[in-house]
Amino acid sequence: MYYKKLKDFPKDFLWGASTSAYQVEGAWNEDGKGLSTQDMLTPPENTTDFKVASDHYHRMKEDVQLFAEMGLKAYRFSIAWSRILPEGRGKINQKGIDFYNRLIDELLKYNIQPIVTMFHFDLPWSLAKEGGWINRSIIEDFKDYAKILFENFGDRVKYWLTINEQNMMVLAGNLLGTKTSKNLQETYQQNHHMLLAQAEVMRLCHEMLLDAQIGPAPNISPVYPATNKPEDMLAAENWAALRNWLYLDACVKGIYNSTAWAFLEEKKILPNMEKGDLHILKAGKPDFIAFNYYNSTTVSASLPDDSVKYDKYDKKKMISEPGVYEVVENSNLPKTPFNWEIDPVGFRIILRQLYDRYHLPLLITENGIGLYDELDEDGKINDDIRIDFYQQHIMEMQKAMTDGVEVLGYNPWSAIDLISTHEGFRKRYGFIYVNRKEFDLLDMNRIPKKSFYWYQKLIRENKVPGKIVV
């Protein structure tokens, strides 16, 4: 649908940016922090670990000052569970509480709204050694952890996110460093426990914090059929159910998606459900849906006797389920230097699909492009490709809002350069350059990129700017 004039962005629109604790903080073993699963990972070859990251823990005030200079209205970050509870439960680490208090207060000093993710891939190692999310007892552990967060930060934090990209932990846990299951039945049992824990924490939030809002934060992608064959359309619906709707139907409606449930039943990998579980799911009511969007997915039909296929760029990533779907490349879309397809129109499509399906306000918590950013001879970073990426996606978001979609804010990935989950520091996403290399920390200086000034102008004018000269 085309419009002669697009709706303006609301004056209170939450223009922000995002990070996560283990990817940006560093200080992995300082001030009483316990080990997390990410601390214990063996990184891929030629890729750094998360021990120093962007050293945000020690440079927090400097970073927040830069966020304020950029004009951010919001900052979406995660709290490291093991920095609050070193063993995952039990004794509270006051120094961890103190750090996040300082961060929240520093943000509010500049009128930046904190948006807090409670869990972003970094499970306390003590809990992981016990089996992690496979144990039903972790539901109470997560609820107890959430209660501590609400008690200590709930007077100032109005937006809460439960679990970052739960669906990706289920579908690609081996890539994210979150996989602890021995088989698929265990994987979906862990997923069931996460859904229950999320529902319990959303209910707890509404009991404890009357002015706060809370929602999930999955990674969502529109799914296209490769052709107009009915079989490809059916495969697209299969993959959409397994990739998107399984998680959001359970979170928003309190029910398991029927197509996804039929798949689990057919594969004999259904989670064990106890009496009262569906009541728990239905009692957890999100106020909004936060989601991360990077690209769309295109699929074709797959026959039952087809072999399992893996991504040609990432050999660990399974891209087919025989008899269900097969992910294929979309020749209509360009790619990033890291071979991710770029689809701004897909952003508008999924915004519309989410709003039509669930009728809840939407909050974008990640959207971005990884590039090989480098300093030029003048000491600047001219990331025009990133500016073009954001310009296209924000314009499509504005079109979706003109379509009638309610969007609360846009928090792209990432506020500052950080360590990409399995591709290290060479894959940069930030508006702010961190002067370090994969294994050489250099001086860690912060340098605003060209996109920093572009986004600054956008926020100041509350509209998409044209080209700028820096």
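Throughout what follows, the structure given in this document is the object of discussion. Values in this document were obtained by computation on a predicted structure and should not be read as measured data.

**Things to note about the side chain of D232**
And then number 1: Checked against the element boundaries, D232 lands in helix α9 (residues 230–253).
And then number 2: One buried charge, D232, has no salt-bridge partner; the nearest side chain with opposite charge is K229, at 5.5 Å.
And then number 3: At 2.6 Å, the side chain of D232 forms a polar contact with the side chain of T227.
And then number 4: Leaving out residues up to four positions away in the same chain, D232 has contacts with P225, A226, T227, V299, S300 and A301.

**Considerations on the nonpolar core**
And then number 1: With 133 residues, the main nonpolar core has W160 and M397 as its most contacted residues.
And then number 2: If one sorts the elements of this core by residue count, α9 sits on top with 12 residues.
And then number 3: For M397, the residues in contact, after removing those within four places along its chain, are F9, F13, W15, F347, L351, I364, V407 and Y410.
And then number 4: Ranked by size, the runner-up nonpolar core spans 10 residues in total, among them A74, L161, A290 and L363.

**Concerning the pattern of salt bridges**
And then number 1: For the structure shown, the criterion picks out 35 salt bridges.
And then number 2: With its nearest N and O atoms 3.0 Å apart, the salt bridge here joins R156 to D155.
And then number 3: Taking the relative accessible area as the measure of exposure, D155 reaches 54% and is therefore exposed.
And then number 4: For E461, the salt bridge identified is with K457, shortest N-O distance 3.1 Å. Of this pair, E461 and K457 both sit in helix α14 (residues 450–461), 4 residues apart, which is roughly one turn of that helix.

**Observations regarding empty space enclosed by the protein**
And then number 1: Applying the stated criterion across every chain, the model contains 4 cavities of 30 Å³ or more.
And then number 2: Roughly 90 Å³ of volume is contained in the largest cavity.
And then number 3: Around the largest cavity sit 13 residues that line it, and A21, Y22, G26, K33 and D39 are the ones nearest its centre.
And then number 4: Looking at the lining of the largest cavity, its residues break down into 5 nonpolar, 3 polar and 5 charged.

**Points about the sheet that holds strand β5 (residues 213–217)**
And then number 1: Reading across from one edge, β5-β4-β3-β2-β1-β12-β11-β7 is the order of the 8 strands in this open sheet, with parallel pairing throughout. The strands lining the two open edges of the sheet, one partner per strand, are β5 and β7 (289–292). On average, adjacent strands in this sheet sit at an angle of 30° to one another, irrespective of strand direction.
And then number 2: Note that strand β11 (residues 362–366) and strand β12 (residues 407–410) share 3 bridges and pair parallel. Paired with I364 across the two strands is Y410, which belongs to β12.

**Focus: the packing of helix α4 (residues 94–109) against helix α6 (residues 138–153)**
Two numbers describe a pair of packed helices, the interaxial angle and the distance between the axes.
And then number 1: In the contact formed by α4 and α6, the axes pass within 11 Å of each other and the chain directions differ by 50°. As the angle between them shows, α4 and α6 are arranged oblique. As α4 packs across α6, the resulting crossing turns out to be right-handed. For the pair formed by α4 and α6, the contact residues are I97, Y100, N101 and I104 on the first element and I148, N152 and F153 on the second.
And then number 2: Here the residues of the contact of α4 with α6 are counted per class, giving 5 nonpolar, 2 polar and no charged.

**Some details on unusual backbone geometry**
And then number 1: Of note, the bond from W413 into S414 is cis; its omega dihedral lies within 30 degrees of zero at 10°.
And then number 2: Tracing the backbone through its elements, the reader meets S414 in the loop between β12 and β13 (432–434).
And then number 3: Of note in the backbone geometry, E165 takes a positive phi value of approximately 45° without being a glycine.
And then number 4: Its identity is not glycine, yet M444 carries a phi of approximately 60°, on the positive side.
And then number 5: Summarising the element assignment, M444 is placed in the loop between β13 and β14 (446–448).

**So, the environment of L362**
And then number 1: Within the element layout of this structure, L362 appears in strand β11.
And then number 2: By relative accessible area, which is 0% here, L362 ends up buried.
And then number 3: Spatially, the C-alpha atom of L362 lies 4.7 Å from that of V407, the residues being 45 residues apart in sequence.
And then number 4: For L362, the residues in contact, after removing those within four places along its chain, are I289, F291, L351, L354, Y355, V405, E406, V407, L408 and G409.

Conventions adopted
Residues numbered from 1 in each chain as written. Predicted model: local features only at pLDDT ≥ 70, side-chain atom pairs only at ≥ 80, totals over all residues. Heavy atoms only, no water. Helix = DSSP H or I, 4+ residues; strand = E, 2+ residues; numbered from the N terminus. Buried < 20%, exposed > 50% of the residue type's maximum accessible area, 1.4 Å probe, protein only. Lys, Arg positive; Asp, Glu negative; His and termini not counted. Salt bridge = Lys/Arg side-chain N within 4 Å of Asp/Glu carboxyl O. Polar contact = N/O pair within 3.5 Å; in protein donor to acceptor, adjacent residues only side chain to side chain. Contact = heavy atoms within 4.5 Å. Core = buried A, V, L, I, M, F, W, Y, C linked by side-chain atoms within 4.5 Å. 1 Å grid on protein atoms, 1.4 Å probe; cavity = no way out; pocket = protein on both sides within 12 Å on 5 of 7 lines; lining within 4 Å. Points joined across faces, edges and corners; volume = space filled by probe spheres on them. Nonpolar A, V, L, I, M, F, W, Y, C, P; charged D, E, K, R; others polar. Pairing = 2+ DSSP bridges. Axes fitted to C-alpha atoms, helices over the stretch in contact; angles between N-to-C directions. Parallel < 35°, antiparallel > 145°, perpendicular 65-115°, else oblique. Left-handed = near helix turned anticlockwise from the far one by under 90°.

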